[in-house]
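The primary structure of each chain is shown beneath.
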Amino acid sequence: MALRSCRKPALLVNMSQQPLPIRSLAARLLAVSLAAGCGWISCVEPTDAPSPYKADIAEDGNDESPPQKEPQQVSKTDLLLVKVHYQNDETLARLVERIDVLEHADRKAHTVDALIETDVYQSLLAEGFQVDVDEEQSELLRLAPYMTISGYSCYRTVEETIASMNALAAAHPNLVNVVDIGDSYDKVKAGGNPGYDMLGMVITNESISGTKPRFFLMGGFHAREYPGPELAMRFAEQVVAGYGTDAEATWLLDNFELHVFPQTNPDGRKIAEQGYLHRKNNNRSKGKCSDPSTQTNHYGIDLNRNHSFKYGGAGTSTQACNQFYRGPSAASEPETAAIQNYLSAIFPDQRGPLDTDPAPADATGVMLSLHSYGPQVLTPWAWSSSAPPNNAALQTLGRKFGYHNGYEVCQFNNCLYAATGTTDDWAYGQLGVASYTWEMGTQFFETCSAFESTLLPGAMPALWAAFKAARRPYQNPAGPDTVSLALSASSVSAGTVVTVTANVDDTRYNSNGWGSEPTQPIAAARYTLNVPSWSAGATTFALAAADGTFDTSVESVTGQIDTAGWSAGRYLILVEGADTAGNWGSPTGIFLDVN
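Residues numbered from 1 in each chain as written. Predicted model: local features only at pLDDT ≥ 70, side-chain atom pairs only at ≥ 80, totals over all residues. Heavy atoms only, no water.

Student: What am I meant to see in the overall build of the protein chain here?
Tutor: Helix and strand counts for the protein chain come out as 14 helices and 22 strands. Burial analysis of the protein chain (595 residues in total) assigns 58% to the buried set. Long-range pairs, those at least 24 residues apart, make up 78% of the contacts in the protein chain between residues at least 6 apart in sequence. Accessible area for the protein chain stands at about 21,300 Å²; split by element, carbon and sulfur atoms hold 51% of it. (Helix = DSSP H or I, 4+ residues; strand = E, 2+ residues; numbered from the N terminus. Buried < 20%, exposed > 50% of the residue type's maximum accessible area, 1.4 Å probe, protein only. Contact = heavy atoms within 4.5 Å. Areas by Shrake-Rupley, 256 points an atom, 1.4 Å probe, with all protein chains shown as cover.)

Student: I would appreciate a short explanation of the nonpolar core in the present structure.
Tutor: Nonpolar side chains in soluble globular proteins tend to be buried together. Counting 99 residues, the largest nonpolar core has Met201, Phe215, Phe216, Leu231, Phe235, Leu343 and Trp438 as the members making the most contacts within it. Among the elements that make up this core, the one with the highest residue count is helix α14 (residues 448–468) (12 residues). Not counting residues up to four positions away in its chain, the partners in contact with Met201 are Met165, Leu168, Val176, Asn177, Val178, Met233, Ala236, Leu258, His259 and Val260. Ranked by size, the runner-up nonpolar core spans 28 residues in total, among them Val101, Tyr121, Leu124 and Phe324. (Core = buried A, V, L, I, M, F, W, Y, C linked by side-chain atoms within 4.5 Å.)

Student: Which parts of the structure should I look at to understand the environment of Pro358?
Tutor: On the secondary structure map, Pro358 appears in the loop between α10 (334–346) and β11 (366–371). The exposure class of Pro358 is partly exposed, given its relative accessible area of 45%. Sequence-wise, Pro358 and Asn391 are 33 residues apart; in three dimensions their C-alpha atoms are separated by 9.1 Å. Once residues within four sequence positions are removed from consideration, Pro358 is found in contact with Gln350, Arg351, Pro389 and Asn390.

Student: Sorry if this is basic, but what is going on with the pairing of strand β5 (residues 111–117) here?
Tutor: Consecutive side chains of a regular strand alternate in pointing toward one face of the sheet and then the other. With 6 of 7 residues buried, β5 is to be regarded as a mostly interior element. Both strand β3 (residues 79–85) and β5 contribute to a ladder of 7 bridges, which runs antiparallel. Note on β5: the bridge partner recorded for His85 is Thr111. (Pairing = 2+ DSSP bridges.)

Read these as spatial facts, not as claims about activity.
Below is the structure:
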């Protein structure tokens, strides 16, 4: 596909930042904590209440029900934050179709969170559901003052994100290229809002040519989920800032490509920036929906249900105002089409046409879509509870993420609920790319204090792990990590013998409750100079176990680097290890300066 290069600063769209009028209590959804566990009130209808789902429960042989008690009174508010208990997967599927559930479910506890109006709450009670109401947070939804994104100083607006991308490209023209891959719905549609270009960045050392492994990172597909776009921008800025001074950033940008698209639903994001829990894009051509948006009723198409792979199945709605509305046809939305076209352009098709066809073990590429809230690392399939053909390898890399961010690592359909037409299913199903969704944090409008102190510290190292895995995502993550890499001296005169030490660790995985990763003893370690071991002409140098024997899953390794005859300059030392199953992990770099 032809990309529109945006080397020159892009024209910023001049949209009003003024708050929209408050027309309903649901429009006051702003900087309110939606985290579960704050003042929940358990409400259960008496046992003789009729329920259309009792037959489903009986068929599954699960006739156990929670202790019955009289429902407590809830405050008379338009909207309630609730946790709905369900008995089986069929009941969950019907709830997803019927009420506007949040993308936060506990499949082990058989609960799903939802924001519902009081009439829906009463209806669920009448049908025999146990519904726990977060009374405190529901009251805040009614009482909290209206606020714009200016109350969240840690998050950039769409315009500020565009300006930051252009500034990064201007400051680092050899590393950052801003690209335009299409237009938002508002820009495509004549009249109305001016809309936006679909902008992103390709980040790599352009002085080094050739085909490079690619990591595609996107945020903001769901408009109301504040953390994703900001995290994507901060990761890009951290990687670029490290080039030339940080060995990890340097070797990765010399040998890999980072593709970052922070705002993939800019029209919808502008609505969400004004305090509305708007999820979808701004396509207003279907139905008559609430304006301004409410949680349960708003214009647009859910872009994460609009992809062409398995479009139109479970976990979607045909109702135009529903938050899961999939749109009139597969990839009908310009935002979805732009993402699909771009991914097809940067990744080869590495998987056969059958659902059971695996991508080859040496397939390349990682795709990650950032969402809120969870916290979960979700793997394909979302459309089916059956494991995808590359499931073991997908889980391995996911557990590498889970080690850093502490999120549950599980298949989308099995730990959340069924969904069709999602980005990660499309990227994996269509192209064989190792694809993931992260559900981050504890609320859509994550507070800045939580974003800075809790979300970022775990997310950033997990993103580095994703970037490192991009060359062989189905192989390298099974190998050990190289950590605590050090030199006896970082700056020496030519002829000095330098000692290199590191820990090679095959245990850095965590599913956080969804299975364990096999680990093996370390079998070998090695280093290369300036280029990775897979590069043409690379020479590897063996490192030894510090205790004399490779026999445990975590080993200290050591070796000598003789700089005799070296010219003055900066050298890159890349160290990697292997386990007894033959899995080589991704390398870790460190600089050595020779005077």
